Structures are given as structure tokens and as C-alpha cells.
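Letter by letter, the chains look like this.
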Amino acid sequence: MWLPLLGLILGISLGLLTDIQIPEIYESYLSIAVLAALDTLFGGIRAQLQHVYDDKVFVSGFFFNIGLAAALAFLGVHLGVDLYLAAIFAFGVRLFQNIAVIRRMLLTKWSERKNA
Amino acid sequence: MKKRNQLLKIPSRGRILISLVSLVLGFILAYSYSIAVENEAERNSTSESFLEQTKYREELIKQKERNKELTEEINESQQAIRELEQTFANSEESAEALVKEAEKLRLLMGDIPSQGKGISVSLEDGAYNPSQENPNDYIVHESHVFKVVNELKISGAEAISINGQRLRANSFIRCTGPVITIDGKTFPAPFTIEAVGDPEVLLASVHLGGGVLDQLTSDNIVVTVEEKGNITMPALRDEKS
């Protein structure tokens, strides 16, 4: 458990220490990246609980989703269509679904343990 | 010893990948957080300065309106005084001369508007002459403007203006580089000097042999003298805006 935690702490401190300014129009990319990352994270947790977790799928999904979302936003900026809204919508819906599934499974586990 | 071994053992590929993922995740979260904080601070500061600006602008507008009201009040009072003097003059013959004197002095101070026949003299820089090294030899200086203004005053001009800026008794004309400052306002060449008064007298005095016109022409200045049928000059008020 110590290595992923170390990575998280290192990433957070790097992010807080970075002092790069990005242009305002590219800030939507960042918000999408955040959503994509969170979505994949919760997807991974769900898969773990459902015993279908595979780290190849998880890792490739993480980076691929971030890249896809950024590409979509990039295309949107250059076409003048707010395509990043599509990404935000898709990821938002999936995020809620994943969290709902996780909650239900945790609840089932808890009640099973209580009954036992 | 066992735990130590566990710590030192080479982590599995999955662990490394997950660590990488959590590193990227942490970086993205922290970075977007810091950017959001910066944006928030920026927005606050801009809205504050904007509010301040609006406040000062409103204050300025209010002051200007007040100024305008007061100026109108002055004009009204001046008019009332003149009317009173007129009635006074009608009733008493001896006071008539004094009233005329007061009128003349007011014109001199630029307190009341002036209107009537007159002339206009425009001074322009001479054409660029490459053979002359010093451009001072063919541009209009404030001394030239002085000469014309003095000549017009001597010839009995009621009111004089330069490029629309009316002169009063205590006006100042200063040379400030390539332009001229009159009562704190700058004017570039060419200068059009307008004077209200008897056009015949004024023209004659300007055209006098060896007089102003000749002196200016010998200084390479392009002078145009015109007779004007009707010149209107507004009353002069201290409006620094």
C-alpha cells in the first residue's frame, strides 16, 4: 500500500509546487482531465469490489480517458463547439453510476456481516 | 526481519502502475486546485478595483454637473447685473460712461461673450527648407504670436482668441517645445488668431509698413489675414476638463 500512497503524496506536492501558467481557454481541458481521472479511479474501485479488476484495463483506461477528453476539448475549442460539455456529461454520469454501485455493494456487504 | 524483506522486495508491476496512476491523479488534482485558487483571487481583485473605478467616475460626473450648474448661475447673475446697470444708465446720463467702461473691462476679462465683426490672422510654419540648418528659423514661435496679439490689442480689439482659446487680461502664452501653451492648454501650429473689433482699423494696423506683417514675413512665416463678418466668442470660464 505504501508505494501508491507515496505516489499520491508526491503528485499532490508536485501539483501544488508547480507554478506554470496556462492560457484561460485551456483550463477546460484541466477540468475534464480531473473528471476523467476521478471516473477511472471510481471505476477501478468498483471493478475491485466486483472482482473483475485488471490493472491493464485500469491503467490504460486512466490515461486513455484523460487523453481522449483533452482531445475532445481541443477539437471543441477549434471548431467553436463546446464539445468538452459532452465529456463532462459522460464522465459525470458514469461517476455517479460507479459511486452508486460501490455504495450498494458496500451496503450489501455490511448487512451481510451484520446478519452473520 | 520478515517485514523488512517485504518492504525491500521488488514491487509487482501492478503496484508500480497504480503508483504511477496515483501520482498523475494527485498532480492533476493539486494543480487544478492551485489554478482555481489563483483565478478566484484574481477575480476578487479585479471586481474590487472595478467597483472603486465606478465610484470615482460617478463622483466625477456629479462634480461636473455641479460645476455646470454653478457656471450657469454665474452667467445668470452676470446678466442680471448688466440689466441693472443698463436701467441705471438709462436713468442717469453721467453713469453711462462708467457702464461702458465696465463693459469694456468685462470683455477684457472674458467674462461675457463677445460677438461682432473682426479679422482673423493665421500663422503657419514656413515650408521646409533643406538649405537652412536650423528649423527655428522658419517655425512659428510664441514671440510671433505675441506680436500679433499686442498689435491687435493696441488697435482696440475687443476680444482675442487663439485657436479658439479666448485670451483675457491675465492670460499667459508660453513656448513649450514645438507647441504653445495658452492658459495651461497646448496648441500646435498653425495658429489662427481671431479678434473682434473694427475690421478696418485692425487690418490697417496689421498691414502697416514695417509692422507686424512685414516682420513675420521676414521670419519665413506664412501669414494669412482675413476679414470676418461675424465672430462669436463665448464667455470664458475656468473649466479644466
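Residues numbered from 1 in each chain as written. Chains lettered and ligands numbered in written order. Predicted model: local features only at pLDDT ≥ 70, side-chain atom pairs only at ≥ 80, totals over all residues.

With that settled, consider the packing of helix 3 (residues 55-79) of chain A against helix 2 (residues 13-91) of chain B. Here helix 3 of chain A crosses helix 2 of chain B at 25°, and the two axes come no closer than 10 Å. In this view, helix 3 of chain A runs roughly parallel relative to helix 2 of chain B, as classed from their interaxial angle. Crossing hand, helix 3 of chain A versus helix 2 of chain B: left-handed. Contacts between helix 3 of chain A and helix 2 of chain B pair D55(A), V59(A) and F62(A) from the former with G14(B), L17(B), I18(B) and V21(B) from the latter. (Axes fitted to C-alpha atoms, helices over the stretch in contact; angles between N-to-C directions. Helix = DSSP H or I, 4+ residues; strand = E, 2+ residues; numbered from the N terminus. Parallel < 35°, antiparallel > 145°, perpendicular 65-115°, else oblique. Left-handed = near helix turned anticlockwise from the far one by under 90°. Contact = placed C-beta atoms within 7 Å.)

In this section: the sheet that holds strand 2 (residues 159-162) of chain B. Residues and elements named next belong to chain B. In space, the five strands of this open sheet follow the order 3-2-7-1-8, with antiparallel pairing throughout. A strand with exactly one partner marks an edge of an open sheet, and here the two such strands are strand 3 (165-166) and strand 8 (222-233). As judged from the six bridges shared by strand 1 (residues 114-124) and strand 7 (residues 191-196), these two strands associate in the antiparallel manner. Looking at the pairing, S122 lines up with T192 of strand 7. Taken strand by strand, helix 4 (residues 142-154) contacts strand 1, strand 2 and strand 7, and its axis lies near 10° from that of strand 7. (Pairing = 2+ DSSP bridges.)

Let us look at the pairing of strand 7 of chain B. Residues and elements named next belong to chain B. Of all the six residues making up strand 7, five are buried; the element is thus mostly covered by neighbouring parts of the structure. When strand 2 meets strand 7, the two strands line up antiparallel, connected through four bridges. Bridged to A159 within strand 7 is V196. (Buried ≥ 20, exposed ≤ 12 C-beta atoms within 10 Å, placed from the backbone.)

Quick look at the sheet that holds strand 4 (residues 173-176) of chain B now. Sheets are built from strands paired through backbone hydrogen bonds, the pairs being either parallel or antiparallel. Residues and elements named next belong to chain B. Spatially, three strands are ordered 4-5-6 in an open sheet, and the strand pairing comes out antiparallel. Only two strands of the sheet have a single neighbouring strand rather than two, namely strand 4 and strand 6 (185-187). Pairs of neighbouring strands in the sheet enclose a mean axial angle of 30°, with direction left out of account. Sheet topology note: the strand 4/strand 5 (residues 179-182) ladder contains four bridges and is antiparallel. Residue pairing in the sheet places T176 in a bridge with V179 of strand 5. Most of the contacts of helix 4 go to strand 4, to which it runs at about 160°, and overall it touches strand 4 and strand 5.

Take helix 1 (residues 2-17) of chain A next. Across its 16 residues, helix 1 of chain A extends 22 Å between first and last C-alpha, which sits within 8% of the 22 Å expected from 1.5 Å per residue. All buried positions along helix 1 of chain A are accounted for by P4(A), G7(A), L8(A), G11(A), I12(A) and G15(A). Taken end-on, helix 1 of chain A shows its buried residues confined to a sector of 130°, consistent with a single buried face. Helix 1 of chain A presents W2(A), L5(A) and L17(A) as exposed residues on the side facing more than 90 degrees away from its buried surface. In this structure, the buried residues of helix 1 of chain A make contact with helix 2 of chain B. (Expected span 1.5 Å × (residues − 1). Arc of directions from axis to C-beta.)

Residue and element names in this part refer to chain A. Within this structure's numbering, the places UniProt gives as "transmembrane region" (unreviewed entry) are residues 28-45, 57-77 and 83-106. Measuring from the first to the last C-alpha atom of residues 28-45 gives 26 Å, for a span that is 100% helix and 0% strand. When the span residues 83-106 is considered, its composition is 96% helix and 0% strand, and the gap between its end C-alpha atoms is 35 Å. (UniProt positions renumbered as here; feature names shortened; annotations may be inferred.)

With that out of the way, let us pick up the nonpolar core. Counting 28 residues, the largest nonpolar core has V145(B), I160(B), I193(B) and A195(B) as its most contacted members. Listed by contribution, the elements that provide at least two residues to this core are strand 1, helix 4, strand 2, strand 5, strand 7, helix 5 (199-207), helix 6 (212-218) and strand 8 of chain B. If we ignore the near neighbours within four places in the chain, the residues touching I193(B) are S120(B), V121(B), V145(B), V148(B), V149(B), I160(B) and I162(B). In this structure, I12(A), I66(A), F91(A) and F27(B) belong to the second largest nonpolar core, which totals 25 residues. (Core = buried A, V, L, I, M, F, W, Y, C linked by C-beta atoms within 7 Å.)

Residues separated by three or four positions in an α-helix point in the same direction, a consequence of the helix having 3.6 residues per turn. For helix 3 (residues 95-109) of chain B, with 15 residues, the first-to-last C-alpha span of 21 Å sits near the 21 Å given by 1.5 Å per residue. Backbone geometry just after helix 3 of chain B places G110(B) at a positive phi near 75°.

Before going further, it helps to spend a moment on the packing of helix 3 of chain A against helix 4 (residues 84-115) of chain A. Residue and element names in this part refer to chain A. Where helix 3 contacts helix 4, the two axes come as close as 8 Å, and the packing angle between them is 150°. The angle between helix 3 and helix 4 falls in the class roughly antiparallel. Listed contacts from helix 4 to A69, L72, A73 and G76 of helix 3 are Y84, A86 and A87. Split by residue class, the contact of helix 3 with helix 4 holds six nonpolar, one polar and no charged. (Nonpolar A, V, L, I, M, F, W, Y, C, P; charged D, E, K, R; others polar.)

This part covers the interface of chain A and chain B. If you look at the interface, chain A gives 23 residues, while chain B gives 21 residues. Of all the elements in the fold, those that place two or more residues in the side of chain A that touches chain B are helix 1, helix 2 (27-49) and helix 3 of chain A. Counting residues per element, the side of chain A that touches chain B draws most heavily on helix 1 of chain A, at 12 residues. Of the residues that constitute the side of chain A that touches chain B, the class distribution is 16 nonpolar, five polar and two charged.

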